[in-house]
Amino acid sequence: MNYTAEVTNMCPVAKGAYHGPAPIPEEGKWVQAKEIKDISGFTHGIGWCAPQQGACKLTLNVKDGIIEEALVETIGCSGMTHSAAMASEILIGKTLLEALNTDLVCDAINTAMRELFLQIVYGRTQSAFSEGGLLVGASLEDLGKGLRSQVGTMFATREKGPRYLEMTEGYCTQIAMNADNEIIGYEFLSFGKMMDFIKGGMDAKEAMEKATGHYGQWEGAAKYIDPREE
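What you see is a predicted model; the values in this text were computed from it and never measured. (Residues numbered from 1 in each chain as written. Predicted model: local features only at pLDDT ≥ 70, side-chain atom pairs only at ≥ 80, totals over all residues. Heavy atoms only, no water.)

A.B. asks: Looking at this structure, I do not really get the pattern of salt bridges. What am I missing?
C.D. replies: Charged atoms that come close allow side chains of opposite charge to pair. The final tally for this structure, using the stated rule, is seven salt bridges. For Asp142, the salt bridge goes to Lys57, with nearest N and O atoms at 3.9 Å. Note that Asp142 is positioned in the loop between helix H4 (107-121) and strand S6 (153-157) and Lys57 in strand S4 (residues 55-63), a separation of 85 residues in sequence. What makes Asp142 partly exposed here is its relative accessible area of 25%. (Salt bridge = Lys/Arg side-chain N within 4 Å of Asp/Glu carboxyl O. Helix = DSSP H or I, 4+ residues; strand = E, 2+ residues; numbered from the N terminus. Buried < 20%, exposed > 50% of the residue type's maximum accessible area, 1.4 Å probe, protein only.)

A.B. asks: How should the packing of aromatic side chains be read in this particular structure?
C.D. replies: Aromatic ring pairs are defined here through the distance separating the ring centres and the angle between the ring planes. Per the counting criterion, the structure on display carries six aromatic pairs. Judged by centre distance (6.2 Å) and plane angle (70 degrees), the rings of Trp30 and Phe129 are edge-to-face. Placement of Trp30 in strand S2 (residues 29-31) and of Phe129 in the loop between H4 and S6 is noted, with a sequence separation of 99 residues between them. As far as the burial class goes, Trp30 and Phe129 line up, both exposed. Each member of the aromatic cluster is reached from another via a ring pair, and the members are Tyr164, Tyr186, Phe188 and Tyr215. One Lys or Arg, Lys210, reaches over the ring of Phe197 and ends 4.8 Å from the middle of that ring. When the ring centre of Tyr171 is taken as origin, the NZ or CZ atom of Arg228, which lies over that ring, is 3.8 Å away. (Phe/Tyr/Trp six-rings, centres within 6.5 Å; stacked < 30°, edge-to-face > 60°. Lys NZ or Arg CZ within 6 Å of the ring centre and 35° of its normal.)

A.B. asks: Looking at this structure, how should I read H4?
C.D. replies: For an α-helix, 3.6 residues make a turn, and residues three or four places apart therefore share a direction. Spanning 15 residues, H4 covers 21 Å between terminal C-alpha atoms, matching the ideal 21 Å at 1.5 Å per step. Looking at H4, one finds that the buried residues are Ala108, Ile109, Thr111, Ala112, Met113, Leu116, Phe117 and Ile120. If you follow the buried residues of H4, they end up packed against strand S1 (24-26), strand S3 (41-48), S4, strand S5 (66-75), helix H2 (78-91) and helix H3 (96-100). Backbone geometry just after H4 places Gly123 at a positive phi near 75 degrees. (Expected span 1.5 Å × (residues − 1). Contact = heavy atoms within 4.5 Å.)

Below is the structure:
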């Protein structure tokens, strides 16, 4: 260790008591984190890319500093889905510090990793007060039926008003309207359920009908429109 002449010529002053880092809540315990292996937790982080044309929701389950589980969800950019595929391979088995300093292929995923790192190392995790934390695989509970991300997609213009394209229930196939042309309900197709029915051997048309549902004042509406055509 090299010191400047000013520091070398200073007289030493004794340090007082060492209190250590402030304890943070981790999986039902209070932990004084001194090394990366002292960090555990399950939580989410949101990231965005520089042009802000896409976003990523990243969910990690960290045990003793190691990433044991990752759920990568992206929206708004076609290339991000491929980046997410690579990130899902890259993240598993890395320490939090390794993951923070790894190129996760996409700005939005990298930003999500940064935001998530801050939550975990400061003890702001979803599992902070859950004894033993959450089981590996817990992130799948955040997904909808058929293990699909919960996505809402709406389009609207001042001239023609709103169009519901996708809700968490599924792909919107029709919108129900009253006599004043106000939306009062919608029909949706749950792709996850439909694919499960088809995999079980059901005819595709029957599976589609069985996976279709309605929300709101569907019955007796003045008219129904296809949000993608009208």
